[in-house]
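Architecture at a glance
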Amino acid sequence: FFIIQILTLILLFGLKYKLEIFNFIIKNFSNIIFLLIGFLLFALPFAINLYFHEPEHTERIGVFLLNKEKKIILLKYYLELIFSLKFLLFLFINFFILIINYYVDNKNKFFFVVPFVVFISSILAPVIFFIISNKSGLIYHFNNNIIICSFIFVIIGTINLYYKFIEHNKLVYFNSLIYLIFFIFVFTQSYIHVNKNYKNINLKNERNEFSNLMSLVSKKNLSQSSILTLDNNVMIWSIMNDIKTLKITNGLIVPKKNKIIEKEIIDAFNFFNISKEKFLVFLKNERQTWRYFNRNVANLFYARYQANRLKTYKDSKNFKKAELNKIMKSSPALNQQIIIPVNEMERLEKKFDQSNNLNYQEPDIIILNRKNFIYKNSNFDLENYCILFDGKFFISYTNKNCQQ
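I will try to describe carefully the structure that is included in this document.

Rules and cut-offs
- Here the residue numbering is sequential within each chain, running from 1 through the sequence in written order.
- Local features in this predicted model are restricted to residues whose pLDDT is 70 or higher, and side-chain atom pairs enter the listing and the counts only when it is 80 or higher, whereas totals over whole chains, interfaces and linings include all residues.
- To get the side-chain values, take all heavy atoms of the structure and skip hydrogens and water.
- Numbering goes from the N terminus for both helices and strands, where a helix is a DSSP run of H or I of at least four residues and a strand is a run of E of at least two.
- To estimate how far a helix should extend, the number of its residues minus one is multiplied by 1.5 Å.
- Exposure categories follow from relative accessible area, calculated using a 1.4 Å probe and restricted to protein chains: below 20% of the type maximum is buried, above 50% is exposed, and the middle band is partly exposed.
- What makes two strands pair is DSSP finding at least two bridges between them.
- Only heavy atoms matter for contacts: two residues are in contact if any of them lie within 4.5 Å across the pair.
- Axis definition: a line fitted to C-alpha atoms, limited for helices to the stretch in contact. Angles are taken between N-to-C directions and run from 0 to 180 degrees.
- Residues belong to a common nonpolar core when they are buried Ala, Val, Leu, Ile, Met, Phe, Trp, Tyr or Cys residues joined through side-chain atoms within 4.5 Å.
- Both cavities and pockets are sets of points on a 1 Å grid over the protein atoms alone; in a cavity a 1.4 Å probe fits but cannot get out, in a pocket the set is open with protein on both sides within 12 Å along at least five of seven lines, and lining residues sit with an atom within 4 Å of a point.
- Grid points are joined across faces, edges and corners, and a volume is the space filled by probe spheres set on the points.
- Throughout this entry, Asp, Glu, Lys and Arg are counted as charged residues, while Ala, Val, Leu, Ile, Met, Phe, Trp, Tyr, Cys and Pro are counted as nonpolar. The remaining residues, Gly among them, count as polar.
- Here is the rule for handedness: rotate from the far helix to the near one, and if that takes an anticlockwise turn smaller than a right angle the crossing is left-handed, while a clockwise turn gives right-handed.
- Should an angle fall under 35 degrees it is taken as roughly parallel, and over 145 as roughly antiparallel, whereas 65 to 115 is taken as roughly perpendicular and any remaining angle as oblique.

**Some remarks on helix α12 (residues 258-271)**
Under the 1.5 Å per step criterion, the end-to-end length of α12 is 20 Å for 14 residues, consistent within 8% with the ideal 20 Å. With respect to burial, α12 is a largely interior element, ten of its 14 residues being buried. Listed as buried for α12 are Asn258, Ile261, Glu262, Glu264, Ile265, Ile266, Asp267, Ala268, Phe269 and Phe271. Count one or two residues on from α12 and you reach Asn273, which has phi positive near 60°.

**Quick word on the sheet that holds strand β3 (residues 226-229)**
Taken in spatial order, the five strands of this open sheet run β4-β3-β5-β7-β6, and their pairing is mixed. Of all strands in the sheet, those bounded by a partner on one side alone are β4 (245-246) and β6 (386-390). Strand direction decides the pairing type here: β3 and β4, joined by two bridges, are parallel. From the neighbouring strand, Ile227 faces β4, where its bridge partner is Leu246. The sheet strands contacting helix α11 (residues 232-240) are β3, β4 and β5 (365-369), and the helix crosses β3 at an angle near 165°.

**Examining the nonpolar core**
Counting 66 residues, the largest nonpolar core has Val217, Ile265, Phe269, Phe272 and Ile367 as its most contacted members. Per-element tally for this core: the top contributor is α12, with six residues. Contact partners of Phe269, with chain neighbours within four places excluded, come to Ile274, Ser275, Lys278, Phe279, Phe282, Phe352, Phe373 and Ile374. Phe87, Leu98, Ile123 and Ile146 belong to the second largest nonpolar core, which has 15 residues in total.

**A word on empty space enclosed by the protein**
Under the counting rule described, the total for this entry stands at one cavity of 30 Å³ or more. By volume, the largest cavity amounts to about 50 Å³. Taken together, Glu262, Ile265, Ile266, Phe279, Leu283, Leu300, Phe301 and Leu348 make up the full set of residues lining the largest cavity. Elements with a contribution of two residues or more to the lining of the largest cavity: α12, α13 (276-283) and α14 (295-301). Of the residues belonging to the lining of the largest cavity, the class tally is seven nonpolar, no polar and one charged.

**With respect to the packing of helix α10 (residues 201-217) against α11**
At a minimum axis distance of 12 Å, the contact between α10 and α11 shows a crossing angle of 40°. Two packed elements cross with a definite hand, and for α10 against α11 that hand is right-handed. Across from Phe210, Met214 and Val217 in α10, the residues of α11 making contact are Asn233, Val234 and Trp237. Considered class by class, the residues forming the contact of α10 with α11 number five nonpolar, one polar and no charged.

**Quick word on the packing of helix α5 (residues 68-82) against helix α7 (residues 110-132)**
Relative to each other, α5 and α7 sit at 165°, their axes nearing to 9 Å. Relative to α7, α5 is oriented roughly antiparallel. In this structure, α5 crosses over α7, and the sense of that crossing is left-handed. Contact with α5, carried on its side by Lys71, Leu74, Leu75, Tyr78 and Ile82, involves Ile123, Pro126, Val127, Phe130, Ile131 and Ile132 of α7 and no other residues of that element. Taken together, the residues that form the contact of α5 with α7 break down as ten nonpolar, no polar and one charged.

**Notes on the environment of Ile155**
Along the polypeptide, Ile155 turns up in helix α8 (residues 140-169). On the basis of relative accessibility, which here comes to 38%, the residue Ile155 falls in the partly exposed class. For Ile155 and Lys317, which are 162 residues apart along the polypeptide, the C-alpha to C-alpha distance reads 45 Å.

Honestly, it's all geometry; don't read function into it.
Right, here's the structure in full:
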């Protein structure tokens, strides 16, 4: 976004002042300095956060180093994308709307020129970013920005043409009719959406059950309690309610080391008396319709194991044949594809074999979603626990007096 903003400013100043741009800079030099100082003040917290960040958490959110080879792959990918027939047609439509607006409303051209320049900047931004940056992240966001900026321009351009048409033909009643049709459309779509969710009884009941369960859990002394769960909603609720300890956390929620997250999930499997074979199934690379993706791995490590022709875990090529073929055919923007290399899976298996729960502190509260892998495969001893909540979607245990 920063690159898009800078490019937009440069292009707009160039369009407005043309050959007088240098005179403009000299004349407003002090204002530009103030602008830069203001930017640095607002950027400082971000810079401090980057300096003190946890690198392994940054890896899990998708950031990786860009070497010369990766830059070439990305630049080639974007050049092929830009010069593809679909993208050229997409670009032509935007230019066509710009030309029509310019012809119809030349006096107020900056009203639609500004969003068009933002759109052009969104196309140039990834190319410039990949050239100058030593790191990158989730590539698909660059593609999303292009679509979003185009959509904004098309909407603004269409509105401008519509109002010029109304103004020229003095169709006041037609204008009111359009507003009425728009209102009816929005109301109808909202009603359909709400009604659809309302009819989803399972979703509604699960939310109600979750609310009831959390009301019950909140009566416990959370600041002195520990919770074991693999449900993301329970994790977020626990953090927001100042729980003392979460035995397992989603890898995107907190900046923990990977080895800590690995130990947490292995300890949980041992606690629930789940076998190593089930542990490997839990982490298994799963082929879906258009990608490899395992929700269990995503919850723990997310983009650490992203796999496409630009980026794999530690740039490994140690995958099964079918997996490697899929990786080499995958776009650099397919960042949400997750595949664990063979040697990495072997390392995790070995870590499981070497683990023990001798010093494991059992959780005070256990909350399991019945759809979760852990619940379906658990076989732990309930001798020290009693049921706190037993519902259709959730089940919870506590090692404290259930009557408290």
